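The primary structure of each chain is shown beneath.
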Amino acid sequence: MKIAKKSSQSRQTLTLSRSAFDILDVLRGELPKSVFVQELLVREKLLREREIFYRDAVAAYTPKVCSETLELNEATPYVTE
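Residues numbered from 1 in each chain as written. Predicted model: local features only at pLDDT ≥ 70, side-chain atom pairs only at ≥ 80, totals over all residues. Heavy atoms only, no water.

### Concerning the overall build of the chain
Rule in force here: Secondary structure is summarised from DSSP: a helix means a run of H or I of at least four residues, a strand means a run of E of at least two, and numbering begins at the N terminus for each. Each radius of gyration is computed over the set of C-alpha atoms, and the globule rule expresses the reference value as 2.2 Å times the number of residues to the power 0.38. A simple rule labels every residue: compare its accessible area, found with a 1.4 Å probe on the protein chains alone, to the largest value its type can have, and call it buried under 20%, exposed over 50%, or partly exposed in between. In this description, accessible areas are obtained by the Shrake-Rupley approach with a 1.4 Å probe, and a residue is regarded as covered only by the protein chains that are shown.
Across its full length, the chain carries three helices and two strands. Helices and strands in the chain line up, N terminus first, as β-β-α-α-α. Relative to a compact globule of 81 residues, whose C-alpha radius of gyration would be 12 Å, the chain shows 24 Å and is clearly more extended. Each principal axis of the C-alpha atoms in the chain carries an extent, and together these give about 70 × 30 × 25 Å. Considering the chain as a whole, with its 81 residues, one finds that 5% of them fall into the buried category. Element-wise, carbon and sulfur atoms account for 60% of the exposed surface of the chain, whose accessible area totals about 7800 Å².

As structure tokens, this is what we get:
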């Protein structure tokens, strides 16, 4: 994918390979291409933000934190009835 040379700075035009264009056409259904691509980019951005959040959360859950969590769980009373 590349930007067409004659595109203005405020509104650039992307060029796609034929196979990418065919996939885009199949996936978008009745939506205009520009609307579909915009929605696709927004969804992808949210997915990446969520993935970064989870990666950071997993990295923060060190063995020490895991051990402290298990100790806290064992010390917390619970009702069996």
